[in-house]
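An overview of the molecular structure
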There are 2 protein chains.
Amino acid sequence: MHLPKNVTIIEVGPRDGLQNEAKFIETPVKIQFIEKLKEAGIKEMELTAFVSPKWVPQMKDADDIIASNSGTSRNIVLTPNEKGVERALEAGCKSIAFFVGVSDTFNLKNINKSTKESMEAILPMIKKLKDQDLFIRACISTAFYCPYEGKMKETDVLDLCGQFSKAGVDDLSVADTIGLANPLEAYSLFSKLKASFSETLLTAHFHDTRGMALANIFAALQAGIDRFDSSAGGLGGCPFAPGSSGNIATEDVVFMLEQMNISTGIDLSKLFEAIELVEISLSKPILSKQYSLLSKRLGQPRQA
Amino acid sequence: MHLPKNVTIIEVGPRDGLQNEAKFIETPVKIQFIEKLKEAGIKEMELTAFVSPKWVPQMKDADDIIASNSGTSRNIVLTPNEKGVERALEAGCKSIAFFVGVSDTFNLKNINKSTKESMEAILPMIKKLKDQDLFIRACISTAFYCPYEGKMKETDVLDLCGQFSKAGVDDLSVADTIGLANPLEAYSLFSKLKASFSETLLTAHFHDTRGMALANIFAALQAGIDRFDSSAGGLGGCPFAPGSSGNIATEDVVFMLEQMNISTGIDLSKLFEAIELVEISLSKPILSKQYSLLSKRLGQPRQA
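Remember, predicted model here, so these are calculated numbers, not experimental data. (Residues numbered from 1 in each chain as written. Chains lettered and ligands numbered in written order. Predicted model: local features only at pLDDT ≥ 70, side-chain atom pairs only at ≥ 80, totals over all residues. Heavy atoms only, no water.)

1. Notes on the nonpolar core
Put simply, the rule is: Definition of nonpolar core: a set of buried residues of the types Ala, Val, Leu, Ile, Met, Phe, Trp, Tyr and Cys, connected through side-chain atoms within 4.5 Å. With a 1.4 Å probe rolled over the protein chains alone, any residue whose accessible area is under 20% of its type maximum counts as buried; one over 50% counts as exposed, and the rest are partly exposed. Contact criterion: two residues are considered in contact whenever any of their non-hydrogen atoms come within 4.5 Å of each other.
Formed by 207 residues in total, the largest nonpolar core has its most connected members in A:F164 and B:F164. Non-local contacts of A:F164, meaning those with residues more than four positions away in its chain, are made with A:V100, A:M119, A:I122, A:L123, A:I126, A:A138, A:I140, A:V169 and A:L172.

2. Some remarks on the interface of chain B and chain A
Stated precisely, the cut-off is as follows: By buried area we mean how much accessible surface two parts lose on assembly, using a 1.4 Å probe and totalling the loss over both. Definition used for salt bridges: Asp or Glu carboxyl oxygen within 4 Å of a side-chain nitrogen of Lys or Arg. Polar contacts here mean pairs of N or O atoms no more than 3.5 Å apart (in protein, one a potential hydrogen donor and the other a potential acceptor; neighbouring residues in sequence count only if both atoms are side-chain atoms). The numbering of helices and of strands both runs from the N terminus, where a helix is a DSSP run of H or I of at least 4 residues and a strand a run of E of at least 2. Residue polarity follows a fixed list, in which Ala, Val, Leu, Ile, Met, Phe, Trp, Tyr, Cys and Pro are nonpolar, Asp, Glu, Lys and Arg are charged, and the others, Gly among them, are polar.
With 29 residues of chain B at the contact, the number on the chain A side is 29 residues. Roughly 2,600 Å² of surface becomes buried between chain B and chain A when both sides are summed, with 71% attributable to carbon and sulfur atoms. Taken together, chain B and chain A are joined by two salt bridges. Its salt-bridge partner being B:D208, residue A:K289 comes within 3.6 Å of it at the nearest N-O pair. There are four residue pairs in polar contact (both at pLDDT 80 or more) connecting chain B and chain A. Going through the elements one at a time, α8 (183-196), α9 (213-222), α10 (250-259) and α12 (289-297) of chain B are the ones with two or more residues in the side of chain B that touches chain A. When residues of the side of chain B that touches chain A are assigned to their parent elements, the largest contribution, five residues, is made by α9(B). Residue composition of the side of chain B that touches chain A, grouped by class: 18 nonpolar, seven polar and four charged.

3. A closer look at the sheet that holds strand β10 (residues 227-230) of chain B
All names here are of chain B. Operational definition: Pairing between two strands is assigned when DSSP locates at least 2 bridges connecting them. Structural elements are reduced to axes, namely lines fitted to C-alpha atoms, with helices fitted over the stretch in contact, and the angle between N-to-C directions of any two is expressed from 0 to 180 degrees.
Read around the barrel, eight strands follow the order β1-β2-β3-β4-β5-β8-β9-β10 and close on themselves; strand pairing throughout is parallel. Between one strand and the next, the sheet's axes are offset by a mean angle of 25 degrees, whatever the strand orientation. Of the strand pairs in this sheet, strand β4 (residues 95-101) and strand β5 (residues 135-141) are connected by seven bridges, and their pairing is parallel. Residue pairing across strands places A97 opposite R137, the latter belonging to β5. Of the strands in this sheet, β1 (8-11), β2 (44-49) and β3 (74-78) are in contact with helix α2 (residues 27-39), which crosses β2 at around 170 degrees. Lying on the sheet, α10 is in contact with β1 and β10; it crosses β1 at an angle near 175 degrees.

4. Remarks on the sheet that holds strand β10 (residues 227-230) of chain A
Residues and elements named next belong to chain A. Here eight strands make up a closed barrel; going around it, the order is β1-β2-β3-β4-β5-β8-β9-β10 and the pairing parallel. Averaged over all pairs of adjacent strands, the angle between their axes in this sheet comes to 25 degrees, without regard to strand direction. Alignment of strand β9 (residues 201-206) against β10, held across two bridges, turns out to be parallel. Its bridge partner being in β10, H205 is matched across the sheet by D229. Lying on the sheet, helix α6 (residues 115-131) is in contact with β4 (95-101) and β5 (135-141); it crosses β4 at an angle near 165 degrees. The sheet strands contacting helix α8 (residues 183-196) are β8 (171-176) and β9, and the helix crosses β9 at an angle near 165 degrees.

5. Concerning the pattern of salt bridges
Applying the stated criterion to the full structure yields 33 salt bridges over all chains. Residues A:K192 and A:E154 are paired through a salt bridge, measuring 2.4 Å at the closest nitrogen-oxygen approach. Here the residue A:K192 occupies a position in helix α8, and A:E154 occupies one in helix α7 (residues 154-166), the gap between them amounting to 38 residues. Between B:D63 and B:R87 there is a salt bridge, and its shortest N-O distance comes to 3.9 Å. In this pair, B:D63 sits in helix α3 (residues 62-68) while B:R87 sits in helix α4 (residues 82-90), placing the two residues 24 residues apart along the sequence. Salt bridges sharing common partners tie together A:R15, A:E44, A:E46, A:R74, A:R137, A:D171, A:R227 and A:D229.

6. Details of the state of the cysteines
Residues and elements named next belong to chain A. This is how it is decided: A pair of sulfur atoms, both from cysteines and within 2.5 Å, is called a disulfide here.
Considering all chains together, one arrives at zero disulfides over all chains under this definition. We note that C139 lacks a disulfide partner, and the nearest cysteine sulfur, in C161, lies 11 Å from it. Exposure remark for C139: the relative accessible area of 11% places this residue in the buried category.

7. So, the layout of surface pockets
Residues and elements named next belong to chain A. Quick note on the threshold: A pocket, in this scheme, is an open set of points on a 1 Å grid over the protein atoms alone with protein on both sides within 12 Å along at least 5 of 7 lines, while a cavity is a set where a 1.4 Å probe fits but cannot get out; residues line either one if an atom lies within 4 Å of a point. Grid points are joined across faces, edges and corners, and a volume is the space filled by probe spheres set on the points.
Its boundaries defined by the atoms lining it, the second largest pocket holds a volume of some 770 Å³. Contributing to the lining of the second largest pocket are 42 residues, with L78, P80, F99, N110 and I111 lying nearest its centre. Listed by contribution, the elements that provide at least two residues to the lining of the second largest pocket are α1 (13-17), α4 (82-90), β4, α5 (104-111), α6, β5 and β8.

8. Some details on the packing of aromatic side chains
All names here are of chain B. Our working definition: Side-chain rings of Phe, Tyr and Trp, where Trp is taken by its six-membered ring, are said to pair if the distance between their centres is within 6.5 Å; with planes under 30 degrees apart they count as stacked, over 60 as edge-to-face, and otherwise as tilted.
Counted under the stated rule, the structure contains nine aromatic pairs over all chains. Their ring planes at 70 degrees and their centres at 5.9 Å tell us that F190 and F206 sit as a pair that is edge-to-face. Taken together, the residues span a long stretch of sequence, with F190 in helix α8 and F206 in strand β9 (residues 201-206) at a distance of 16 residues. For the pair shown, F190 and F206 are each scored as buried. Centre to centre, the rings of F272 and Y291 are 5.8 Å apart; their planes meet at 55 degrees, and the pair counts as tilted. With F272 in helix α11 (residues 268-282) and Y291 in helix α12, the pair connects residues that are 19 residues apart, well separated along the chain. Relative accessible area serves as the criterion here: at 3%, Y291 is assigned to the buried category.

9. Some words on the relation of the copies chain B and chain A
Going by this rule: Here the copies are matched by least squares. The fit uses the C-alpha atoms of residues with pLDDT of at least 70 in both.
Mapping chain B onto chain A calls for a screw motion: a turn of 180 degrees about the axis and a shift of 0.0 Å along it, with 0.0 Å RMSD after fitting. In symmetry terms, the pair is related by a two-fold rotation axis. Closest approach to the rotation axis among the C-alpha atoms of chain B is made by B:A215, whose C-alpha sits 1.8 Å away. When the interface residues of chain B are mapped onto chain A, 100% of them are again interface residues, pointing to one common binding face.

10. Observations regarding the side chain of A:T27
Relative to the assigned elements, A:T27 resides in helix α2 (residues 27-39). A residue is classified by how much of its surface remains accessible, and A:T27, at 16% relative accessible area, is buried.

11. Describing α2(B)
Residue and element names in this part refer to chain B. Definition in use: An expected span of 1.5 Å times one less than the residue number is assigned to each helix.
In a regular helix each residue adds 1.5 Å, so 13 residues correspond to 18 Å; α2 covers 18 Å between its end C-alpha atoms and thus fits that length. Taken together, the buried positions of α2 are T27, V29, K30, F33, I34, K36, L37 and K38. The inward-facing, buried residues of α2 contact β1, α1 (13-17), β2, α3, β3 and α11.

12. Quick look at unusual backbone geometry
The phi angle at A:T142 is positive, at roughly 45 degrees, despite the residue not being glycine. Within the element layout of this structure, A:T142 appears in the loop between β5 and β6 (145-146). Located in the positive-phi region is B:S283, a residue other than glycine, with phi close to 55 degrees. Tracing the chain through its elements places B:S283 in the loop between α11 and α12. Overall, B:S283 belongs to the exposed group, its relative accessible area being 57%.

In structure tokens:
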């Protein structure tokens, strides 16, 4: 069985994770959270989003987050539209993420545009940003299942990724938004993506809604994937997709990979320090497997 | 990727699961639980254990459980020693399970015998029972890791399984008792077991302590394994192994397998009825992924 020797974890907790938390986390805590994640060895991260503060209040401090941020990591910001891109550029961002759903219905419910309309808006922005040599990440949601339309076609995912690839996108983050993909589907789709887009970074984004995320990661590794999105503490999910709670927790991914002698470069004990900060601020227990076990080891049994 | 088309689930909830619950479940509830599990399509089950009621009070009604039990399923009872075997035979049991740890230290802490001493006691009993044409299952615990000794040697597991196989054992249930095995280890060990014991039923028993159980099942499927132990509602674990909480839940295994078009013959909605009975009796929420999602679907959000 041939698996990659090294894996890159793209930490999405500060953006995808916190975005789904109703309680506002104070900006200095977020900044410290991000710093500690970098100390733990995270080299790529979704930091924040330039979205309407009315729509996502948690992200209203995007400018402050970017201003406070330093270091050599790849700091990605999410932008839903031209206004977001402008704000990101003004803030000096060098890595920008766009998102689109494979499912039309999901896309319409999410941002009131069909998938085609979304792409017509996004692709010209990407071309402009690539001229300025920015790093562009495309987040492909509902790549396996849509909560409204059911099973998605692989050909539609490949077609969408092809459009992004042609526009010069650097990273394709392909997501099982509602956590319904099984390992055979993960292996199949990522094998085809790997074969079709050998020049583009390919990232798998799994949700653990039904407990299949680590199985899917193992399947994607077999398809040659060596980049995985995950969220410290398993923070977040997707507020627009019913039953989609639960990004896979970074610590659970890192633990499994390191046990398989696949290097992630991430220090779990430092990662736990980052998580603890957010746990205290959210005033609710973080229930990932590794973090719960840690608490047990420290003699503070956590209610499951 | 070649996976088995059909999988047999060996339900261990009534024995391995309930054994670890402090609150005594009334015998009629247990009987109804078992009946409902059979209605759901379970064909092989660990029903109860003929152990000292002082040691495991939950199993004090073993005789009543067996007496009330009917049907054509394979009804397995666990016996730790000669006295247990006698009681099982008197009760008319046709399928008997023995257990032994690969780790000496674990075995000593568990039943005050080294692995070798355990085998010296068990093997003659097995030979006698095989003469009477009983079905014999050997439960091999700590086959990957021991909480005291760490990583186990594959050769030791193969040797132990070889002794059982030579004695005529029908089923080898090989367990990751503390839920620390990773998918590469699962694939490696089960591939070797499959190659060495092609004439014996081989069952994988995974715990979900670190969230890796479904990934390990996916790996074991690739090694050709088509029998998996699991526990309805994820009941149980092992009281003698620190940090070993959490048998993988039958409903989570069934869901993943059926999503992969691997048939289990199990009806999830009937399985949920069985679980609900125990949940009510235990007065604590069952937190498996599928059962939690079901509750959400029914509009009764469950505290996680």
